[in-house]
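Residues per chain are reported as follows:
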Amino acid sequence: MSSAVSVVIPCFNAARTLPACLAAIAAQRTVPDEVVVVDDASTDASAEIAAAAGATVVRQRVNRGVSAARNLGAEATTGAVLFYVDADVALSPDAIGNALAVLDADPETGCVHGIYETTPLIDDGPLEHYKILSNHYWRRRSVGRVGTALFALGAIRREVLERAGGFDESLRDGEDVELSIRLRPLCRIRLTDTVTGRHDDADRWRAVLGEQFRRSRLLVPMALAERRGRRPEPEPAADDAPTLTGQRPAAVAATALALGLLALMPAVALLTAWWPLLALPAGLALAGALLADPGLLAFVRRERGPRYLGFFLAAQAAVLVTLVAGAATGALSPASGRRSRATVRR
């Protein structure tokens, strides 16, 4: 593991979690060559906390989002490998060393990222546990070679990032997925369970569903960009890896069917008195969506017990409905075509 590694932490108003994030980096068994915190115009004490911990602090005068912060962090460092970690993640002691080991084992692997542990960094209640358990489960089930890179805790070779053109600074959500489309022809991407960390996730309904809606609006534009970017000749092996998805496609399709049937009810009511019967197939479709991944439900039951499972299913239903609504909104937006074409051009 001879490559110099630079840790880059994009940070915006993270005074609550940044001390734990920096302490975990200081406790790494493989010591990074440099640690840079990019303060994205925080209004709290984030910059002071980072400086007191010995990190190099790069300040932005205005808030520009995580993509710009990550690009600025890359410019401010010199390591051959960039290890990105979000300010609300505390890495396990072997995370950096294990990431470098994966890169060293395969020169064709240009990016490796990890998974969240099942215990949150700060326990803020049942909704945060929904997020933590969901994210842990779908990442762990996908361990291996994948088509999507997630940079909350992950490493990338500098030369690969530069060839890809860095993060799209016009994006504040979905930037990982957009960059992944450009990474796939250049290198292999691996997801490993040897790189882990505890995450302080969202714990309020507005934050959870708002984030889901914003990210879902990009699903159709990104899918169009991926399709338009495909060449007619056979793809390189790196392009054959599966794209990471947090929800099963069957669950999303069943939720869309349920919402479609409910949307038809007013029109059907004008034609027949039997319109309430549409509620039955809609309910069955939504139930099918919630039961589409038995492994997830079994995992949640083992981790939190059967009483928690009811809350988890309610949260899952809300997230699936929000996902479909966001995807439909994004598909109907005039910006979708422009976004997909811009991605291909990049």
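What counts, and where the lines are drawn
- Residues numbered from 1 in each chain as written.
- Predicted model: local features only at pLDDT ≥ 70, side-chain atom pairs only at ≥ 80, totals over all residues.
- Heavy atoms only, no water.
- Phe/Tyr/Trp six-rings, centres within 6.5 Å; stacked < 30°, edge-to-face > 60°.
- Helix = DSSP H or I, 4+ residues; strand = E, 2+ residues; numbered from the N terminus.
- Lys NZ or Arg CZ within 6 Å of the ring centre and 35° of its normal.
- Salt bridge = Lys/Arg side-chain N within 4 Å of Asp/Glu carboxyl O.
- Buried < 20%, exposed > 50% of the residue type's maximum accessible area, 1.4 Å probe, protein only.
- Axes fitted to C-alpha atoms, helices over the stretch in contact; angles between N-to-C directions.
- Parallel < 35°, antiparallel > 145°, perpendicular 65-115°, else oblique.
- Left-handed = near helix turned anticlockwise from the far one by under 90°.
- Contact = heavy atoms within 4.5 Å.
- Nonpolar A, V, L, I, M, F, W, Y, C, P; charged D, E, K, R; others polar.
- Pairing = 2+ DSSP bridges.

## A closer look at the packing of aromatic side chains
Within a pair of aromatic rings, the relevant descriptors are the distance that separates the centres and the angle that separates the planes.
Right, on to step 1. The full count for this structure, using the stated rule, is eight aromatic pairs.
Right, on to step 2. A centroid spacing of 5.6 Å and a plane angle of 90 degrees characterise the contact between Tyr-84 and Phe-167, whose relative ring orientation is edge-to-face. Placement of the pair is Tyr-84 in strand E4 (residues 81–85) and Phe-167 in the loop between helix H6 (158–164) and helix H7 (175–183), with a sequence separation of 83 residues.
Right, on to step 3. Following the ring pairs from residue to residue traces out a cluster consisting of Tyr-130, Trp-205, Tyr-308, Phe-311 and Phe-312.
Right, on to step 4. Here Arg-139 stacks its cationic end above the ring of Tyr-116, 4.5 Å away from the centre of that ring.
Right, on to step 5. Over the face of the ring belonging to Tyr-308 we find Arg-304, whose NZ or CZ atom lies 5.4 Å from the ring centre.

## Describing the pattern of salt bridges
Right, on to step 1. Across all of its chains, the model carries 20 salt bridges by this definition.
Right, on to step 2. The partner of Asp-94 in a salt bridge is Arg-29, and the shortest N-O contact between them spans 3.0 Å. Of this pair, Asp-94 sits in the loop between strand E5 (89–91) and helix H4 (95–105) while Arg-29 is found in the loop between helix H1 (18–26) and strand E2 (34–39), placing the two residues 65 residues apart along the sequence.
Right, on to step 3. Judged by its relative accessible area of 33%, Asp-94 is partly exposed.
Right, on to step 4. Two residues, Glu-211 and Arg-215, come together in a salt bridge whose shortest N-O distance is 3.1 Å. With Glu-211 and Arg-215 both in helix H8 (residues 205–216), this residue pair falls four residues apart, about one helical turn.
Right, on to step 5. A relative accessible area of 18% means that Glu-211 is categorised as buried.
Right, on to step 6. For Arg-215, a relative accessible area of 44% translates into the label partly exposed.
Right, on to step 7. Taken together, the shared-partner salt bridges connect Lys-131, Asp-173, Glu-211, Arg-214 and Arg-215 into one network.

## A word on the packing of helix H10 (residues 249–269) against helix H11 (residues 279–290)
Right, on to step 1. Between H10 and H11, whose axes approach to 8 Å, the crossing angle comes to 160 degrees. The angle between the axes of H10 and H11 places the two elements in the roughly antiparallel class. Seen along the crossing, H10 lies across H11 with a hand that is left-handed. Of H11, the residues touching H10 (which contributes Ala-251, Ala-254, Thr-255, Leu-257, Ala-258, Leu-261, Leu-262 and Met-265) are Ala-279, Pro-281, Ala-282, Ala-285, Leu-286 and Ala-289.
Right, on to step 2. Its residues assigned to classes, the contact of H10 with H11 shows 13 nonpolar, one polar and no charged.

## Overview of the pairing of strand E8 (residues 153–157)
Right, on to step 1. Counting buried residues along E8, five of its five residues qualify, which places the element largely inside the surrounding structure.
Right, on to step 2. What you see with E8 is no split at all: Leu-153, Ala-155 and Arg-157 on one side and Gly-154 and Ile-156 on the other are buried throughout.
Right, on to step 3. Note that E4 and E8 share five bridges and pair antiparallel. Bridge pairing in E8 links Phe-83 to Ala-155.
Right, on to step 4. In this structure, strand E6 (residues 109–116) lies alongside E8, joined through three bridges in antiparallel fashion. Paired with His-113 across the strands is Gly-154, a residue of E8.

## Looking at the pairing of strand E9 (residues 188–199)
Right, on to step 1. When E5 meets E9, the two strands line up antiparallel, connected through three bridges. Its bridge partner being in E9, Val-89 is matched across the sheet by His-199.
Right, on to step 2. Of the strand pairs in this sheet, E6 and E9 are connected by six bridges, and their pairing is parallel. Note that in E9 the partner of His-113 across the bridge is Leu-191.
Right, on to step 3. As defined by bridge partners, strand E7 (residues 144–146) adjoins E9 across three bridges and the pair is classed as antiparallel. The residue bridging Gly-144 from the neighbouring strand is Leu-191, located in E9.

## Brief notes about unusual backbone geometry
Of all residues except glycine, most have a negative phi; of all peptide bonds, most are trans.
Right, on to step 1. If you check the backbone angles, Asn-13 has positive phi at about 50 degrees while not being a glycine.
Right, on to step 2. Inspection of the secondary structure puts Asn-13 in the loop between strand E1 (5–11) and H1.
Right, on to step 3. In the Ramachandran plot, Ala-41 falls in the positive-phi region, its phi being about 60 degrees despite a non-glycine side chain.
Right, on to step 4. Turning to its location among the elements, Ala-41 is positioned in the loop between E2 and helix H2 (46–52).
Right, on to step 5. Look at Ala-41 and you get buried, because its relative accessible area is 17%.

## A closer look at the packing of helix H5 (residues 126–140) against helix H13 (residues 306–332)
Right, on to step 1. It is at 10 Å that the axes of H5 and H13 come closest, and there the two elements cross at 75 degrees. The orientation of H5 with respect to H13, classified from their angle, is roughly perpendicular. Each of Pro-126, Leu-127, His-129, Tyr-130, Leu-133 and Ser-134 in H5 lies in contact with H13, whose residues at this interface are Tyr-308, Phe-311, Phe-312, Ala-315, Gln-316 and Val-319.
Right, on to step 2. Residues of the contact of H5 with H13, tallied by class, amount to nine nonpolar, three polar and no charged.

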